[in-house]
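Reading the structure
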Amino acid sequence: MTITELPVNRAWWKESNVYQIYPASFKDSNGDGIGDIPGIVSELDYIAGLGVDIVWLCPCYKSPQVDMGYDISDYKDIYEKYGTLSDIDELASGLHKRGLKFVMDLVVNHTSDQHAWFQSAISSKDSEYRDWYIWKKPKYDSDGTRLPPNNWLSFFGGSAWEYDAESDEYYLHLFAKEQPDLNWENPRVRAAVHDIMRFWLDRGVDGFRMDVINFISKDPAMPHAPITNPSSKYQRGDMYFSTGPRLHEYLQELGQILKEYDAFSVGEMPCVFDPSEIIKAVGFSRKELSMIFQFEIVDLDHGSTGKYTPRSWALTELKKIVNKWQTFMEMNDGWNALYLENHDQARSVSRFASDAPAVRKVAAKMLATFLGFQSGTIFVYEGQELGLANVPTAWGVDKYRDLESLNNYYENAAAGASKEELDSILAEMQKKARDNARVPMQWDSSDNAGFSTVTPWMDVNEDYKEWNARSQENDPSSVYAHWQSVFGLRREFKDVFVYGKFILLDPLNESVFAYKRVYESTEALIVTSFKDSEVKWTVPSEYVNAGKMLLTNYDRRELTGEIVLRPFEALVWLVQ
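Residues numbered from 1 in each chain as written. Predicted model: local features only at pLDDT ≥ 70, side-chain atom pairs only at ≥ 80, totals over all residues. Heavy atoms only, no water.

Looking at an unreviewed UniProt entry, one finds the protein named Glycoside hydrolase superfamily, with Lipomyces orientalis as its source organism.

Right, dumping it as structure tokens:
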């Protein structure tokens, strides 16, 4: 094969795998119960040993921590409980010495209300920073009651507008009221963001994950949102800010800087389900972002009135979503960011498979196989490589810490929800709350799971004595070892697993998710059972007695015409 026969648009970031770290929950080095950057540095060999190529660090900037660091008060300094700028430099250096790249979170849809820009903006209508944020006059109903400028719902509940009595104006906050949205229409705001990017890129950072980056352009008319939830005073307005009129203009400005540094970028784009809109952001020739996170898979179990209402889903629904994005990106020269977990999502083994003790290990390996051989860049969140599970069902609401779920629970309680309704909300929190991913990392079987020498900021999951890093990293049968194999095979068979064509098989089967990857004369068959019981499956004839087993979570070595897949069985079969 000559180099000219290879796909034109190969890129280092397409061949990379990413490990995500939530700093508060990773490792505490100084005994204050909160994870920190020196704690991360102490475990760099563990991370490198997994076989990843990039480490993405969630926000570690100076912050009042209203939303766990996504409310930034200084983009060029570090939250004091996490460490210092020199600690960040040591982290970057340690990663680079191990051949890994370092990606930071860029949160620029909004700032903290404690940021100097907003402190100046709210102090006076004449402030030079006033129009760095979005201010609107109140509206009044027929009785003279003051109302917000529109009926948009905040993602954290209540109105997306906060009234400032001093100026008799409201400011927009799509998230907490302590997170005012920046006004990207102002060129000085965009120049400040560009300056922040260059500050970190010049310091050795290799790229950014960009938080809710599609929200930066809003419909300037700020119209009322249609009523989709009649029981709510405020309504989802994302159709007016999820793909605003100037979004791609702004992204191309960011893309120019990223290209200059050959930097990595992944954009978080919630509330966008139209592939034709997303391809504008990630099409290779567009020069905007490398890839984006789409939310269709992780929204599968959200009920009709939101995340904390129940919904059952069918495997065929998952197949449609995966097939849509795999084939669309391939046909349109885009790229997928592949994930099942992150700091905002519950643990995948509990959510998409089973954390029952008898099957938890094979189920976690199955999900690693399901995700790990698709087309795209793989993102693994801290603890996912161990098969960590959700918090116990016995946890009461007092154990939770996250603003999103607590606001929802207590707003429903204040509105008169019954005990049965609140119990249902709590059950959905145990399945989907962000806190499931934010409990301290489970390092060993010692007190506090080896995360800290003192009581941590949030309770440790009670299964840590059995499920922890030290018990797995040298065990060839562990979930950690399975992920090592996934990454190793993606590297060894790069042509087929990174650049090969994706073809969904058996699309109507509600028990087995099977697909193949094809590159020239090489084919790989990936079979994953989502059932907790045995299921029969017919192997396509071209794979019977031809090829070799690359990976399995049981002991299967051969493929015959009809096989009986054991609970959550997974396999990867290669034909060359």
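Further remarks concern the sheet that holds strand β17 (residues 512–519). Within the open sheet, the 5 strands sit side by side as β16-β17-β18-β22-β20. Their pairing is antiparallel. Two strands close off the open sheet at either side, each with one partner strand: β16 (501–505) and β20 (548–552). Averaged over all pairs of adjacent strands, the angle between strand axes in this sheet comes to 20 degrees, irrespective of strand direction. Pairing between strand β18 (residues 522–529) and strand β22 (residues 570–575): 6 bridges, direction antiparallel. Note that in β22 the partner of Ile 526 across the bridge is Val 572. Along the sheet face, helix α11 (residues 360–372) touches β17, β18, β20 and β22 and points at about 145 degrees away from the line of β18. (Pairing = 2+ DSSP bridges. Helix = DSSP H or I, 4+ residues; strand = E, 2+ residues; numbered from the N terminus. Axes fitted to C-alpha atoms, helices over the stretch in contact; angles between N-to-C directions. Contact = heavy atoms within 4.5 Å.)

Take the packing of helix α6 (residues 187–202) against helix α7 (residues 247–260) next. In the contact formed by α6 and α7, the axes pass within 11 Å of each other and the chain directions differ by 25 degrees. It follows from the interaxial angle that α6 and α7 lie roughly parallel. For the pair α6 and α7, the crossing hand works out as right-handed. Listed contacts from α7 to Arg 190, Val 193, His 194, Met 197, Arg 198 and Leu 201 of α6 are Glu 249, Tyr 250, Glu 253, Leu 254, Ile 257, Leu 258 and Glu 260. Grouping the amino acids of the contact of α6 with α7 by side-chain chemistry returns 7 nonpolar, 1 polar and 5 charged. (Parallel < 35°, antiparallel > 145°, perpendicular 65-115°, else oblique. Left-handed = near helix turned anticlockwise from the far one by under 90°. Nonpolar A, V, L, I, M, F, W, Y, C, P; charged D, E, K, R; others polar.)

Further remarks concern the packing of helix α8 (residues 275–282) against helix α9 (residues 315–331). It is at 11 Å that the axes of α8 and α9 come closest, and there the two elements cross at 50 degrees. Relative to α9, the element α8 lies oblique. The interaxial crossing formed by α8 with α9 has right-handed handedness. Side by side, α8 and α9 meet where Pro 275, Ser 276, Ile 278, Ile 279 and Val 282 of the first sit next to Lys 324, Trp 325, Phe 328 and Met 329 of the second. Each residue belonging to the contact of α8 with α9 can be placed in one class, and the counts come to 7 nonpolar, 1 polar and 1 charged.

So, on to the sheet that holds strand β9 (residues 161–164). Ordered in space as β6-β10-β9, the 3 strands form an open sheet in which the pairing is antiparallel. The outermost strands of the open sheet, each flanked by one partner alone, are β6 (135–136) and β9. Direction of pairing for β6 relative to strand β10 (residues 169–172): antiparallel, over a ladder of 2 bridges. Bridge pairing links Trp 135 to Tyr 171 in β10.

By the definition in use, this model includes 45 salt bridges. For Arg 130, the salt bridge is made with Glu 169, and the minimal N-O distance between the two is 2.8 Å. Of this pair, Arg 130 sits in the loop between α5 (116–123) and β6 while Glu 169 sits in strand β10, placing them 39 residues apart in sequence. Here Lys 516 makes a salt bridge to Glu 523, at a shortest N to O gap of 3.8 Å. Exposure remark for Glu 523: the relative accessible area of 23% places this residue in the partly exposed category. Several salt bridges share partner residues, and in doing so they unite Asp 67, Asp 344, Asp 402, Arg 434 and Arg 438 into one network. (Salt bridge = Lys/Arg side-chain N within 4 Å of Asp/Glu carboxyl O. Buried < 20%, exposed > 50% of the residue type's maximum accessible area, 1.4 Å probe, protein only.)

Attention now goes to the pairing of strand β11 (residues 207–210). The alternating pattern of β11 places Gly 207 and Arg 209 on one face and Phe 208 and Met 210 on the opposite face, and all of these are buried. With 4 bridges joining them, strand β5 (residues 101–106) and β11 adopt parallel strand pairing. Each bridged residue has a counterpart across the sheet, and for Leu 106 the counterpart in β11 is Met 210. Judged from the 4 bridges that link them, β11 and strand β12 (residues 264–268) form a sheet pairing that is parallel. Each bridged residue has a counterpart across the sheet, and for Met 210 the counterpart in β12 is Gly 267. Read from β11 through α7 to β12, the crossover connection turns out right-handed. (Right-handed = clockwise from strand over helix to strand, strands pointing away.)

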